[in-house]
Structures are given as structure tokens and as C-alpha cells.
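Here are the chains, one letter per residue:
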Amino acid sequence: DATIYASGDTLVIANKGYHYDSASKGWKQNTFITSFSYDTSNGGVGVIPKGSAEVPGYIMNQYSLDIWDGHLRMASTIGSRWGCQASDDEETTCKWTMLEDSDNF
């Protein structure tokens, strides 16, 4: 279940998965992101890997990725299958994550 986002000269692929948390000895929901830059000049398409990141929770939907002021932003949710819901449970949260070049992006 991959989400693909493209803007300007950047291509982003986000995949849902799990990450083992040794502190809690359990698996946590994560989104794994890979970013590429592409160039369509000179009559061809060149794709160059830019970076990768791991974000807590699952990406909410195909509209939850964008690039703003040179930063990749992503909306994710932890523990809720259908988006953000009001809850006293710490495991159910909604989160905005902003990645920049210093984050290997």
C-alpha cells in the first residue's frame, strides 16, 4: 500500500509498515519514506535518490504529503484506522511531521 507524491523536482514514495521498539518490546506502526529528485531536461528523465526517513504512525491518505518551503510534510495517525479521533488513549494520536535536508532528506 504505497503512496506516491510528486512536486517540482521531487518524487516521494511512502509505505506503511512496522518498526520493532525494543523499549516496549513490541511492534509500532510506521511510515517509511524514500525521496528522489528527478530531472527532465536534455530530453530524458534522470532519477537520483535523495534520502529516506521513518515516521511514527501511518500516513493518513494520499493528500497527507506535501512540500512546503523546501520541507516534506506528512500527516500521520497512530492507533486509529480512520484518521484522528478524540481519545484519552496515548496510543491514538495524530501527528504532523516535517522533514528537511538535515534529516537525510
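Our subject is the structure that appears above.
Here the residue index of a chain counts from 1 through its sequence in written order. Local features are withheld for residues below a pLDDT of 70 in this predicted model, meaning they are given only at 70 or higher, and side-chain atom pairs are given and counted only at 80 or more; totals for whole chains, interfaces and linings count all residues. Remark: hydrogens and water are excluded; side-chain values derive from all non-hydrogen atoms of the structure.

Undergrad: Sorry if this is basic, but what is going on with the overall build of the protein here?
TA: Where helices and strands are cited, they refer to DSSP runs of H or I of at least four residues and of E of at least two residues respectively, numbered from the N terminus. From N to C terminus, the protein includes zero helices and eight strands. Residues counted as buried form 31% of the 105 residues belonging to the protein. Put simply, of all contacts in the protein between residues at least 6 apart along the chain, 39% involve residues at least 24 apart. A simple rule labels every residue: compare its accessible area, found with a 1.4 Å probe on the protein chains alone, to the largest value its type can have, and call it buried under 20%, exposed over 50%, or partly exposed in between. Here a residue-residue contact requires only that any non-hydrogen atoms of the pair lie within 4.5 Å.

Undergrad: Explain the pattern of salt bridges to me, please; I cannot follow it from the model alone.
TA: If charged atoms from side chains of opposite charge come close, those side chains can pair. For this document, the term salt bridge refers to a Lys or Arg side-chain nitrogen within 4 Å of an Asp or Glu carboxyl oxygen. Tallying each qualifying case throughout the model produces one salt bridge. Residue Asp66 pairs with Arg73 through a salt bridge whose shortest N-O separation is 2.6 Å. Taking relative accessible area as the criterion, Asp66 reaches 21% and is therefore assigned partly exposed.

Undergrad: Just checking my understanding: could you explain the packing of aromatic side chains for this structure?
TA: In this scheme Phe, Tyr and Trp rings, the latter by its six-membered ring, pair at centre separations within 6.5 Å, and the angle between planes marks the pair as stacked below 30 degrees, edge-to-face above 60, and tilted otherwise. Per the counting criterion, the structure on display carries two aromatic pairs. Summarising the aromatic geometry, the rings of Tyr18 and Tyr58 are spaced 6.1 Å apart at their centres and angled 75 degrees between planes, so their arrangement reads as edge-to-face. Linking Tyr18 in strand β2 (residues 10-21) with Tyr58 in strand β5 (residues 58-59), this pair joins segments that are 40 residues apart in sequence. In this structure Tyr58 comes out as buried when scored by relative accessible area, which is 17%. Between Tyr20 and Trp27, the ring centres sit 5.2 Å apart and the planes meet at 65 degrees, which makes this aromatic pair edge-to-face. Look at Tyr20 and you get partly exposed, because its relative accessible area is 38%.

The quantities given are spatial measurements derived from coordinates; they are silent on function.
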